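Understanding the architecture of this molecule
If you want the building blocks of each chain, they are given just below.
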Amino acid sequence: MTDVAIVIVSYNTRDDLARSLDSLAAAPPATSHQVVVVDNASVDGSVEMVRERYPGVLAIEAGANLGFSKANNIGIRATASELVLLLNSDTEVPAGAIDGLVSDLRAHPEAAVAGPRLVDAHGRPELSFGRMIGPLNELRQKVTGALYDRGWGPVSRRVERALATPQETDWVSGACLLVRRADAEAVGLLDERFFIYTEDVDFCAALRRLGRRVRFVPSVQVRHLRGRSRSRNPAAATAAYRRSHLAFYEKHHPGWHRLLRAYLRLKGQLPEG
């Protein structure tokens, strides 16, 4: 049995996927591992590219666009390993990063999850962890993120201190998330009602309900070229976000769910379905 199964979900991100796989091939983790790509019916030749250029990678065709959670679950179930790394196709993993996450998680038996510091193409860190989503925490995170993006001094300094501090948190980004398989299986893997967006927050919440911890590990850094998939079809991405947002509130904050629906309907942003 390998130590880590690296599961990458792909949907029409052929070039990004190739860069991500190239980074893993150029500096493979010393930890024994298997790489699995689950493709959500891409039409850009992603599967053919993987099979031609990376024969050691297991490519699984989902047969349809099943969404992020369900495709990740397919990849998890297709593997056998102590740990599972959920990795976005728009990430690039430097030498030692996966080994660093593995070491941190093994050093903290109370933790189920470890996530790295994510940086963009220019090396600027992103807010890739936070408090449990709720009306006040969500507003705080959005305002903080907006002020940080604008470089507002006091907020930027506070955020940068947090992004340099190892800590326990409520959630870390599913763009690069290492989890113990036993813990993932204990909560039934990812909740498939979340097609894309908020599935990572929900997953971490389920693990925390079992008394397990979530760790942010800034000593490990991974490049995340976020927003590339969204830019290809922003309307569909926005609708998917709204549906997941509503599903999250229905599950975790039912008292606020009706208010959120009414607010989105008033703004003409309530998604169909």
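This text goes with the structure placed above it.
Note that the structure is a prediction, hence the values are computed from the model and not measured.

Calculation rules
- Residues numbered from 1 in each chain as written.
- Predicted model: local features only at pLDDT ≥ 70, side-chain atom pairs only at ≥ 80, totals over all residues.
- Heavy atoms only, no water.
- Phe/Tyr/Trp six-rings, centres within 6.5 Å; stacked < 30°, edge-to-face > 60°.
- Helix = DSSP H or I, 4+ residues; strand = E, 2+ residues; numbered from the N terminus.
- Buried < 20%, exposed > 50% of the residue type's maximum accessible area, 1.4 Å probe, protein only.
- Lys NZ or Arg CZ within 6 Å of the ring centre and 35° of its normal.
- Salt bridge = Lys/Arg side-chain N within 4 Å of Asp/Glu carboxyl O.
- Core = buried A, V, L, I, M, F, W, Y, C linked by side-chain atoms within 4.5 Å.
- Contact = heavy atoms within 4.5 Å.
- 1 Å grid on protein atoms, 1.4 Å probe; cavity = no way out; pocket = protein on both sides within 12 Å on 5 of 7 lines; lining within 4 Å.
- Points joined across faces, edges and corners; volume = space filled by probe spheres on them.
- Nonpolar A, V, L, I, M, F, W, Y, C, P; charged D, E, K, R; others polar.
- Axes fitted to C-alpha atoms, helices over the stretch in contact; angles between N-to-C directions.
- Parallel < 35°, antiparallel > 145°, perpendicular 65-115°, else oblique.
- Pairing = 2+ DSSP bridges.

1. Observations concerning the packing of aromatic side chains
- This model, assessed by the stated rule, comprises four aromatic pairs.
- Ring centres of Phe194 and Phe248 lie 6.2 Å apart, and the angle between their planes is 50°; this geometry places the pair in the tilted category. A residue pair is termed long-range when its members are at least 10 positions apart, and Phe194 in the loop between α7 (181-186) and α8 (199-209) and Phe248 in helix α10 (residues 234-252) qualify at 54 residues.
- The exposure class assigned to Phe194 is buried, which follows from its relative accessible area of 0%.
- Residues Tyr197 and Tyr241 carry aromatic rings whose centres are separated by 5.7 Å and whose planes lie at 80° to one another, so their mutual orientation is edge-to-face. Here Tyr241 lies in helix α10 and Tyr197 lies in the loop between α7 and α8, a separation of 44 residues in the sequence.
- What links up through ring pairs into an aromatic cluster is the set Phe194, Phe248 and Tyr249.
- If you follow Arg124 out to its NZ or CZ, it ends over the ring of Tyr148, 3.9 Å from the centre.

2. Some remarks on the environment of Ala237
- Within the fold, Ala237 resides in helix α10.
- What makes Ala237 buried here is its relative accessible area of 12%.
- With 41 residues separating them in the primary sequence, Ala237 and Ile196 have C-alpha atoms 8.6 Å apart.

3. As for the pattern of salt bridges
- Scanning the entire structure with this criterion turns up 19 salt bridges.
- Of the charged contacts, one joins Glu192 and Arg77 as a salt bridge, the two residues approaching to 3.9 Å between their closest N and O atoms. In this pair, Glu192 is assigned in the loop between α7 and α8 and Arg77 in helix α3 (residues 68-77), connecting sequence segments 115 residues apart.
- Residue class for Arg77 comes out exposed when judged on its relative accessible area of 56%.
- In this structure, the salt-bridge partner of Arg213 is Glu168, at a minimum N-O distance of 2.9 Å.

4. With respect to the nonpolar core
- Judged by nonpolar contacts, the single largest core of 40 residues is most densely connected at Leu86, Val113, Val172, Leu177, Val179, Phe203 and Phe248.
- Per-element accounting of this core gives the leading share, five residues, to α8.
- For Phe203, the residues in contact, after removing those within four places along its chain, are Leu177, Val179, Ala184, Val187, Leu189 and Leu190.
- Counting 32 residues, the second-largest nonpolar core is a separate cluster that includes Leu83, Ala97, Ile98 and Leu105.

5. Structural notes on the layout of surface pockets
- The space that makes up the second largest pocket amounts to roughly 340 Å³.
- Lining the second largest pocket are 15 residues; nearest its centre among them are Phe129, Gly130, Arg131, Gln141 and Arg158.
- For the lining of the second largest pocket, the elements supplying multiple residues, two or more each, are β7 (129-130), α5 (135-149), α6 (153-162) and β8 (167-168).
- If one sorts the elements of the lining of the second largest pocket by residue count, α5 sits on top with four residues.
- Here the residues of the lining of the second largest pocket sort into four nonpolar, six polar and five charged.

6. Quick notes on the packing of α5 against α6
- Between α5 and α6, whose axes approach to 8 Å, the crossing angle comes to 105°. The pairing of α5 with α6 is recorded here as roughly perpendicular in orientation. In this structure, α5 uses Thr144, Leu147 and Tyr148 to contact α6, whose residues at the interface are Val155, Ser156, Arg158, Val159 and Glu160.
- Classifying every residue of the contact of α5 with α6 by side-chain character gives four nonpolar, two polar and two charged.

7. A closer look at unusual backbone geometry
- With a phi close to 55°, Asn12 is a non-glycine residue in the positive phi region.
- Since its relative accessible area comes to 18%, Asn12 is described here as buried.

8. Observations concerning the pairing of strand β6 (residues 111-119)
- Within β6, nine of the nine residues are buried, which leaves it mostly tucked inside the rest of the structure.
- Examined bridge by bridge, β6 and strand β11 (residues 213-224) share eight bridges and lie parallel to one another. Across the sheet, residue Val119 finds its bridge partner in β11, namely Arg223.
- Sheet topology places β6 next to strand β10 (residues 176-180); two bridges connect them, and they run antiparallel. Counterpart to Val113 in the pairing with β10 is Val179.

9. Section: helix α4 (residues 97-107)
- Three or more residues of α4 are buried, namely Ala97, Ile98, Asp99, Leu101, Val102, Asp104 and Leu105.
- Where the residues of α4 are buried, they touch β1 (2-10), α1 (14-26), β4 (81-88), β6, β10 and β11.

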